[in-house]
Amino acid sequence: MNKGRVLVTGAAGYIGSHTVVELTGAGYDVVGVDNFSNSSPQMLDGIRQITGSPLTFIEADCSDRNQLARVFEQYPDIRASIHFAAHKAVGESVQQPLKYFENNLTSLLNLIGLSTADGNSRGIVFSSSCTVYGEPDPENLPIKETAPVKPATSPYGRTKQMCEEILHDCTAACPGLKVIALRYFNPIGAHPSALIGEMPAGVPQNLVPYITQTAAGIRKELKIFGNDYPTPDGTCIRDYIYVVDLAKAHVAAVDRILGTTGSDRYEIFNLGTGTGLSVLELVNHFISATGVNLPYSFAPRRAGDIIKVWADPGKANRVLGWKADTPVDDVLRSAWEWEKKVRGIR
Ligand code: NAD
Ligand code: WQD
């Protein structure tokens, strides 16, 4: 069964690699592109081992139009793209906003231009983020796609908002273009094979990689940022979604974009579990699921943190026929297995 060719930008990255695996399993011919600015070719070996098939891959920088154009020249039968390629470090984006605007906006502009240049109909699935909602008003929780987009709290978040607007306007103007923007909540975990997973450079900024590195003895202890928030246990609440469940939603989105159902050419979906977990709850799940000791202490609040946010994934459940249903203990075990594999821990 061959369902057509799909371009995946950022294919060697955390979510991209898991998505390439799921797309391949679903019968799509994937062309992966990455410039390895935040990943390594090793991840491609992991993908190939899991799928047991060769992977078509081109090293290219999406922010360089000529480089991306060569991909479309080589594969004019690309029917849809999933656009993961972007810089994503919130703190760095505050220090170096231009780096974020240049890469995240230019890469998308190039992709839209090349997707529409020959007059063929093509789809784009865009990696957006729950960050576009900012701090939701409590009455808006769980948060629906119709909730207001709040002024971004970082240049990174602003690029996601701007990219959504650019895609909206270009879709309205170009009848051949169909777009699905997916707003991810907090992706965590690794493939059950432990052959691919999250590989943060330097000190992890995100919770789960910090937990697994602490459990592996690389970090002394986890600092829980703030325990005086207005939440039941005082720590922040998020919607943690398994990366493999998230990857499967991309297959459903591509199926929809290439199918005949659905009349809107620009759609937005929240991708989350629908359940909020506090930092402390997640830490306790990790300890009980893995049986590993995890030293932690409470530290001051981290500037800019949202107090609580979790998704209403009802629209994705209904329209995409997709649901994130992997139990969090399994997800956390997968993250730990990946960390052990990377560190050579038995
Ligand atoms: P990642 O950094 O692991 O993957 C992104 C990949 O894109 C990397 O392999 C990087 O080398 C590549 N890349 C960056 N700029 C490129 C360019 N100009 N040309 C070619 N390749 C380029 O990040 P991820 O966690 O897999 O995130 C994927 C997407 O999802 C990003 O757009 C990110 O903003 C978005 N997102 C991530 C999260 C999260 O928490 N991980 C949450 C919401 C949204
Ligand atoms: C989760 C919770 C921290 C580390 C970020 C981006 C967002 C989106 C997802 C891309 C918070 C707490 C963390 C630590 C801690 N990415 N924490 N100690 O902040 O929800 O979202 O990733 O679009 O844009 O901002 O994720 O994993 O950093 O934090 O206590 O060492 O864990 O305070 O409450 P966040 P996170």
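Q: How would you explain the site of ligand 2 if you had to name every residue and give the values?
A: Inspection of the region around ligand 2 gives 19 residues, with Ser129, Tyr156, Lys223, Arg238 and Asp305 positioned closest. Note that an oxygen atom of ligand 2 is positioned 2.8 Å from one of the backbone N or O atoms of Leu207. Within the backbone of Phe225, an N or O atom sits 2.8 Å from an oxygen atom of ligand 2. Contact with the protein chains removes 87% of the 690 Å² of surface that ligand 2 exposes when unbound.

Q: Can you tell me about the environment of Gly197, naming the residues and giving the values?
A: Mapped onto the secondary structure, Gly197 falls in the loop between β7 (186-188) and α7 (207-215). A relative accessible area of 0% places Gly197 in the buried class. For the pair formed by Gly197 and Gly46, sequence separation is 151 residues and the distance between their alpha carbons is 9.3 Å. Setting aside residues up to four positions removed in sequence, Gly197 forms contacts with Tyr14, His18, Met43, Ala190 and Trp338.

Q: Provide a residue-level description of the domain arrangement of the chain, including the pertinent values.
A: Interface size is commonly expressed as the accessible area that is lost once the parts come together. On domain assignment, one finds that the chain holds domain 1 (5-189 + 240-272) and domain 2 (207-237 + 274-317 + 322-343). Counting residues at the interface gives 23 residues for domain 1, matched by 24 residues for domain 2. Both sides together, the interface formed by domain 1 and domain 2 hides about 2,300 Å², and carbon and sulfur atoms give 68% of it. The closest approach of N and O atoms between Asp312 and Lys144, which form a salt bridge, is 3.0 Å. The tally of links between domain 1 and domain 2 comes to eight residue pairs in polar contact (both at pLDDT 80 or more). Secondary-structure elements contributing two or more residues to the side of domain 1 that touches domain 2 are β10 (240-242), α8 (243-258) and β11 (266-271). Class assignment of the residues belonging to the side of domain 1 that touches domain 2 gives a composition of 14 nonpolar, four polar and five charged.

Q: Can you explain the sheet that holds strand β1 (residues 5-9)? Please cite residues and give values.
A: Taken in spatial order, the seven strands line up as β3-β2-β1-β4-β5-β6-β11 in an open sheet, and their pairing is parallel. Edge positions in the sheet fall to β3 (56-59) and β11, since each has one partner strand and no second. Here the average twist between neighbouring strands, direction ignored, is 20°. Note that strand β6 (residues 177-184) and β11 share six bridges and pair parallel.

Q: Any details on the nonpolar core? Residues and values, ideally.
A: Within the largest apolar cluster, 66 residues are counted, with the highest numbers of intra-cluster contacts made by Leu23, Leu271 and Trp322. Broken down by element, this core gets its largest block of residues, nine residues, from α8. If you count residues domain by domain, this core takes at least three from each of domain 1 (5-189 + 240-272) and domain 2 (207-237 + 274-317 + 322-343). Beyond its immediate sequence surroundings of up to four residues, Leu271 is in contact with Leu182, Arg183, Tyr184, Phe185, Ile241, Leu246, Ala249, Ala316 and Trp322.

Q: Explain the packing of aromatic side chains residue by residue, including any values.
A: For the structure on display, the rule yields four aromatic pairs. Relative to Phe298, the ring of Tyr296 lies with its centre 6.1 Å away and its plane at 75°, an arrangement referred to as edge-to-face. Judged by relative accessible area, which is 31%, Tyr296 ranks as partly exposed. Over the ring of Tyr229 we find Arg301, and its NZ or CZ is 4.0 Å from the ring centre.

Q: Before we move on, can you summarise the site of ligand 1 with the specific residues and values?
A: If you check the shell around ligand 1, you find 28 residues, and the closest are Asp34, Asn38, Ser39, Asn103 and Tyr156. In the model, a nitrogen atom of ligand 1 is placed 3.1 Å from a nitrogen or oxygen of the Asn35 side chain. Starting from 810 Å² of accessible surface for ligand 1 in isolation, the protein chains cover 95%. Looking at the shell around ligand 1, the elements with two or more residues in it are α1 (14-25), α5 (97-116), β5 (122-129) and α6 (155-173).

Q: Give a detailed account of the environment of Leu7, specifying residues and quantitative values.
A: The topology assignment puts Leu7 in strand β1. Judged by relative accessible area, which is 0%, Leu7 ranks as buried. Beyond its immediate chain neighbours, meaning those up to four positions away, Leu7 contacts Val31, Val33, Val71, Phe72, Ile78, Ala80, Ser81, Ile82 and Leu111.

Rules used throughout
- Within any chain, residue numbers begin from 1 and follow the written order of that chain's sequence.
- Think of it this way: whatever chain is written first is A, whatever ligand is written first is 1, and the rest follow in order.
- Local features in this predicted model are restricted to residues whose pLDDT is 70 or higher, and side-chain atom pairs enter the listing and the counts only when it is 80 or higher, whereas totals over whole chains, interfaces and linings include all residues.
- Hydrogens and water are ignored here; the side-chain numbers use all heavy atoms of the structure.
- Near residues are defined by distance, with any heavy atom within 4 Å of the molecule or strand qualifying the residue.
- Pairing of N or O atoms within 3.5 Å defines a polar contact, subject to two protein rules: one partner must be a possible hydrogen donor and the other a possible acceptor, and residues neighboring in sequence count only if both atoms are side-chain atoms.
- Computed with a 1.4 Å probe, the accessible areas rest on the Shrake-Rupley method; for each residue, only the protein chains presented here act as cover.
- The secondary structure listing takes helices from DSSP runs of H or I that are at least 4 residues long and strands from runs of E that are at least 2 residues long, numbered from the N terminus.
- Exposure classes here rest on a 1.4 Å probe applied to the protein chains alone. A residue is buried below 20% of its type maximum, exposed above 50%, and partly exposed in between.
- Whether two residues are in contact is decided by their heavy atoms, any of which lying within 4.5 Å being enough.
- Reported domain spans reflect what an automatic or database domain assignment gives.
- Here the quantity called buried area is the total loss of accessible area, with a 1.4 Å probe, experienced by two parts when brought into contact, counted for both.
- Salt bridges are identified by distance alone: a Lys or Arg side-chain nitrogen within 4 Å of an Asp or Glu carboxyl oxygen.
- As a working rule, the residues Ala, Val, Leu, Ile, Met, Phe, Trp, Tyr, Cys and Pro are called nonpolar, Asp, Glu, Lys and Arg charged, and the rest polar, with Gly in that last group.
- By this definition, two strands are paired if DSSP reports at least two bridges between them.
- Fitted lines through C-alpha atoms serve as axes, helices being fitted only where they are in contact, and the angles separating the N-to-C directions of these axes extend from 0 to 180 degrees.
- Side-chain atoms within 4.5 Å are what join buried Ala, Val, Leu, Ile, Met, Phe, Trp, Tyr and Cys residues into a set we call a nonpolar core.
- Centres within 6.5 Å make a pair out of two Phe, Tyr or Trp rings, where for Trp the six-membered ring is used; the pair is then stacked when the planes are under 30 degrees apart, edge-to-face when over 60, and tilted otherwise.
- Placement of a positive charge over a ring is assigned whenever Lys NZ or Arg CZ falls within 6 Å of the ring centre and within 35 degrees of the normal to the ring plane.

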